[in-house]
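For reference, the chains in residue letters:
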Amino acid sequence: ACPPGHACPDPAAAPAACSAGEYAPGGNVTVCWPCPAGHWCAPPAAVPEPCPPGTVSRRGESSCTACAAGLACRDPAGRPTACAGGHYAMIAAVRCLPCPAGTACVRKNTAPAPCAAGAYSLGAHVACVPCPAGSACPRVDAAPVACTAGLWSAGNATTCAACPLGSHCPDAARGPQRCHAAAR
């Protein structure tokens, strides 16, 4: 009988070790078989070993390859899947993760970047959103808050400003308007 990890095409000859990317269980084996996709076979392999999560291998490969950053490897025998916009994956990821609130996924293959003061993100964004005029963004991970009566904001603000003395703010997005003297 042929030993595991070897093929015996000629019973009169010595067993031939399987090459990298091949396996043989032993017994009456005349040829080594290609390692199946999603597995690795280091010589002399008796059985294919499954690839760990976050790695892939094609048929006949001797090792598993870590999934590249920006890609997800759910199935070790399948093709890596690119992350959608607003999502990211580091090396050897099984799935892409949504960018958390308060951050932006400018690139799919790097960690999320925090939003700057005066901007916000509610999650799964490619870029942080500038706080609009007439609103304040006291938190980078929450929606803008509209300025109330007597307050205003030109945009990109963390707080609304008070309308100065001698002016009024009829539109929180336009800013203070100078008061006119009453006619006598």
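Keep in mind that what you see is a predicted model, and the values were worked out from it rather than measured. (Residues numbered from 1 in each chain as written. Predicted model: local features only at pLDDT ≥ 70, side-chain atom pairs only at ≥ 80, totals over all residues. Heavy atoms only, no water.)

### Comments concerning the overall build of the protein
Right, on to step 1. For the protein, the helix and strand inventory stands at zero helices and 22 strands.
Right, on to step 2. Computed over its C-alpha atoms, the radius of gyration of the protein comes to 31 Å, more than 25% above the 16 Å expected for a compact globule of 184 residues.
Right, on to step 3. The dimensions of the protein, computed from C-alpha atoms along their principal axes, are 125 × 15 × 15 Å.
Right, on to step 4. Within the protein, the fraction of its 184 residues that count as buried is 32%.
Right, on to step 5. The long-range fraction of contacts in the protein, counting pairs at least 24 apart against all pairs at least 6 apart in sequence, stands at 22%.
Right, on to step 6. Total accessible area on the protein stands at roughly 10,400 Å², and carbon and sulfur atoms take up 60% of it.
Right, on to step 7. One way to put it: in the protein the 11 positive side-chain charges average out to a point 25 Å from where the 7 negative ones average out. (Helix = DSSP H or I, 4+ residues; strand = E, 2+ residues; numbered from the N terminus. Rg over C-alpha atoms; globule rule 2.2 N^0.38 Å. Buried < 20%, exposed > 50% of the residue type's maximum accessible area, 1.4 Å probe, protein only. Contact = heavy atoms within 4.5 Å. Areas by Shrake-Rupley, 256 points an atom, 1.4 Å probe, with all protein chains shown as cover. Lys, Arg positive; Asp, Glu negative; His and termini not counted. Charge placed at Lys NZ, Arg CZ, Asp CG, Glu CD.)

### Comments concerning the state of the cysteines
Working definition of a disulfide: a covalent bond connecting the sulfur atoms of two cysteines.
Right, on to step 1. All told, the structure shown has 11 disulfides when counted by the stated rule.
Right, on to step 2. Put simply, C83 and C96 are joined by a disulfide, and their sulfur atoms are 2.1 Å apart. On the S-S bond that ties C83 to C96, the torsion sits near -85°, and the link is left-handed. You can see C83 sitting in the loop between β10 (81–82) and β11 (87–88) and its partner C96 sitting in the loop between β11 and β12 (97–98), a full 13 residues away along the chain. In this pair, the class of C83 matches that of C96, namely buried. (Disulfide = S-S within 2.5 Å.)

### Points about the environment of C147
Right, on to step 1. Along the chain, C147 turns up in the loop between β18 (145–146) and β19 (151–152).
Right, on to step 2. The buried category is assigned to C147, whose relative accessible area is 12%.
Right, on to step 3. In the structure, C147 is positioned 108 residues away from H39 in sequence and 59 Å away in space, judged by C-alpha atoms.
Right, on to step 4. Beyond its immediate chain neighbours, meaning those up to four positions away, C147 contacts G134, S135, W152, S153, C160 and A172.

### Here's the deal with the environment of D75
Right, on to step 1. Examined against the element boundaries, D75 turns out to sit in the loop between β9 (71–72) and β10.
Right, on to step 2. Sequence separation of D75 and V94 is 19 residues, and the distance between their C-alpha atoms is 8.1 Å.

### Some points on the side chain of S121
Right, on to step 1. Along the chain, S121 falls in the loop between β15 (119–120) and β16 (129–130).
Right, on to step 2. Judged by its relative accessible area of 0%, S121 falls in the buried class.
Right, on to step 3. Apart from the residues within four sequence positions on either side, S121 is in contact with P100, A101, G102, T103, C115, V140 and D141.

### Looking at the pattern of salt bridges
Right, on to step 1. Counted by the stated rule, this structure contains one salt bridge.
Right, on to step 2. Measuring nitrogen to oxygen at the nearest pair gives 2.9 Å for the salt bridge that ties D141 to R139.
Right, on to step 3. Judged by its relative accessible area of 32%, D141 falls in the partly exposed class. (Salt bridge = Lys/Arg side-chain N within 4 Å of Asp/Glu carboxyl O.)

### Quick notes on the packing of aromatic side chains
Right, on to step 1. Enumeration according to the criterion identifies one aromatic pair in this entry.
Right, on to step 2. Taking the centre distance of 5.6 Å and the plane angle of 65° together, the rings of Y23 and W33 count as edge-to-face. A residue pair is termed long-range when its members are at least 10 positions apart, and Y23 in strand β3 (residues 22–23) and W33 in strand β4 (residues 33–34) qualify at 10 residues.
Right, on to step 3. Since its relative accessible area comes to 17%, Y23 is described here as buried. (Phe/Tyr/Trp six-rings, centres within 6.5 Å; stacked < 30°, edge-to-face > 60°.)

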